[in-house]
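Fold and contact review
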Amino acid sequence: MPLPAVGAGPKPRVLPGRNLTLGFTLAYLGLIVLLPLSAAFLKTATLSGHAFWQIITSARVLASLRLSFSAALLAAGVNVVFGGLVAWVLVRHRFPGKRLVDALVDLPFALPTAVAGIALTALYAPNGWIGHLLTPLGIQVAFKPLGVVVALIFISLPFVVRTLQPVLEDLSAELEEAASSLGASGAQVFARVIFPTILPALVTGFALAFARASGEYGSVIFIAGNMPMVSEITPLLIVTRLEQYDYAGATAIAVVMLAISFTLLLVINLLQAWSRRRSLGEAA
């Protein structure tokens, strides 16, 4: 009798069947993610519609929401540009101390946020190493909304760099060389070859950086100054309500922040899917 062909039998499964792993996944996400979120919504539901509307439309809450989301969007946008440059340099160039620079990118991951906030405040305060140089120019970073942006740029930079690095490493240099040999300029190579390839990764990095920055608390409260209507972020306002034992008011603000964040992330993900489909269509 002929021997069975090698590899003809059923492939061994590393993990159990789909039903078991899917059930475990849904149960885990339900306990870790959905249960706390549902508790926030249930606590908010104890408020009347009028009380909920009064809380979320107060001038102080609206000012904190504007600052939190505008600073997060600005920080994510800055990191898309400069984080992209950092990723490009780390992937495409060799220089002394490259491993050290690559390790420094992950420093905001390892550094406690409170330590980061204290360090940034010491640097950008009017009497700090950098702040005393900016003060004569009329630029004050610490204890102003600009300080919030600086702190959010610091803590969200790794998300863009680490998302973009693998894509740049997989990007073949032969495509760039072929475009250059056909007479394309450097700007045309970037616009027609490089940018369409890295665009989905840039959008993903932007979304991750924005999500991280919009809920940041520890590194911001030290450098922001926390002045109501000026430099007070929404997470700090939520903590303030909790310290006053106003749990319903705190969860109401948190629910609104969650809804805005989810909507913005949904829009960003739709744009990412559209750009991916467009790039695949052009490649076909």
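Residues numbered from 1 in each chain as written. Predicted model: local features only at pLDDT ≥ 70, side-chain atom pairs only at ≥ 80, totals over all residues. Heavy atoms only, no water.

**Overview of the overall build of the protein**
Counting secondary structure elements, the protein contains 13 helices and zero strands. For the protein, the α and β elements follow one another from N to C terminus as α-α-α-α-α-α-α-α-α-α-α-α-α. Whereas a compact globule of 284 residues would reach a radius of gyration of roughly 19 Å, the protein reaches 24 Å, over 25% beyond that. For the protein, buried positions account for 33% of its 284 residues. Summarising the internal contacts of the protein: among those between residues at least 6 apart in sequence, 73% fall at separations of at least 24. (Helix = DSSP H or I, 4+ residues; strand = E, 2+ residues; numbered from the N terminus. Rg over C-alpha atoms; globule rule 2.2 N^0.38 Å. Buried < 20%, exposed > 50% of the residue type's maximum accessible area, 1.4 Å probe, protein only. Contact = heavy atoms within 4.5 Å.)

**Remarks on helix H3 (residues 59-92)**
Its 34 residues give H3 an end-to-end C-alpha distance of 49 Å, which sits within 8% of 50 Å, the value for a rise of 1.5 Å per residue. Of all the bends in H3, the largest measures some 30° and sits at Val-80. (Expected span 1.5 Å × (residues − 1). Bend = angle between axes of the 7 residues up to and from the residue.)

**Remarks on the confidence of the model for the protein**
On average, residues of the protein score 85 in pLDDT, and 92% of them reach the 70 mark or higher. Per-element confidence in the protein is highest for H3, whose mean pLDDT is 93, and lowest for helix H9 (residues 173-181), whose mean pLDDT is 74. (pLDDT = per-residue confidence, 0-100.)

**Some remarks on the packing of aromatic side chains**
For the coordinates displayed, the defined rule picks out four aromatic pairs. Seen from their ring centres, Phe-24 and Tyr-28 are 6.2 Å apart, and the 20° between their planes marks the pair as stacked. Taken as a pair, Phe-24 and Tyr-28 lie in helix H1 (residues 18-44) at a separation of four residues, close to a single helical turn. Taking the relative accessible area as the measure of exposure, Phe-24 reaches 59% and is therefore exposed. Look at Tyr-28 and you get partly exposed, because its relative accessible area is 48%. Look at Tyr-245 and Tyr-247: their rings are 6.3 Å apart centre to centre, the planes differ by 80°, and that puts the pair in the edge-to-face class. For Tyr-247, a relative accessible area of 40% gives the class partly exposed. (Phe/Tyr/Trp six-rings, centres within 6.5 Å; stacked < 30°, edge-to-face > 60°.)

**Some words on the nonpolar core**
As a rule of thumb, soluble globular proteins bury nonpolar side chains together. Within the largest apolar cluster, 34 residues are counted, with the highest numbers of intra-cluster contacts made by Val-148, Leu-152, Val-220, Ile-233 and Ile-253. Elements with a contribution of two residues or more to this core: helix H2 (49-56), H3, helix H8 (145-170), helix H10 (186-214), helix H11 (220-224), helix H12 (234-243) and helix H13 (247-283). It is H3 that provides the largest number of residues to this core, a total of eight residues. Residues contacting Ile-233, with those up to four places away along its chain left out, are Ser-64, Leu-67, Ser-68, Val-148, Glu-216, Tyr-217 and Val-220. (Core = buried A, V, L, I, M, F, W, Y, C linked by side-chain atoms within 4.5 Å.)

**Describing the pattern of salt bridges**
Enumeration according to the criterion identifies five salt bridges in this entry. In this structure, Asp-106 and Arg-162 form a salt bridge, with 2.9 Å as the shortest nitrogen-oxygen distance. Of this pair, Asp-106 sits in the loop between helix H4 (98-105) and helix H5 (107-110) while Arg-162 sits in helix H8; the two residues are 56 residues apart in sequence, bridging distant segments of the chain. The residue Asp-246 makes a salt bridge to Arg-241 at a minimum N-O spacing of 2.8 Å. Within the structure, one salt-bridge network assembled from shared partners comprises Asp-102, Asp-106 and Arg-162. (Salt bridge = Lys/Arg side-chain N within 4 Å of Asp/Glu carboxyl O.)

**A few points about the packing of H3 against H8**
At a closest axis distance of 5 Å, the pairing of H3 and H8 adopts a crossing angle of 40°. One finds that H3 runs oblique with respect to H8. Here H3 and H8 pass one another in a crossing that is right-handed. (Axes fitted to C-alpha atoms, helices over the stretch in contact; angles between N-to-C directions. Parallel < 35°, antiparallel > 145°, perpendicular 65-115°, else oblique. Left-handed = near helix turned anticlockwise from the far one by under 90°.)

**Some remarks on unusual backbone geometry**
Not every positive phi belongs to a glycine, and Asn-226 is a case in point at roughly 55°. With a phi close to 70°, Met-229 is a non-glycine residue in the positive phi region. Looking at the secondary structure, you find Met-229 in the loop between H11 and H12.

**Observations concerning the environment of Ala-142**
Inspection of the secondary structure assignment puts Ala-142 in the loop between helix H7 (131-134) and H8. On the basis of relative accessible area, Ala-142 is assigned to the buried category, the value being 0%. Put simply, Ala-142 and Leu-22 are 120 residues apart on the chain and 48 Å apart in space, counted from C-alpha to C-alpha. Residues contacting Ala-142, with those up to four places away along its chain left out, are Tyr-124, Ala-125 and Ile-223.

**A word on the environment of Ser-185**
Looking at the secondary structure, you find Ser-185 in the loop between H9 and H10. Separated by 13 residues in sequence, Ser-185 and Ser-172 have C-alpha atoms that sit 18 Å apart.

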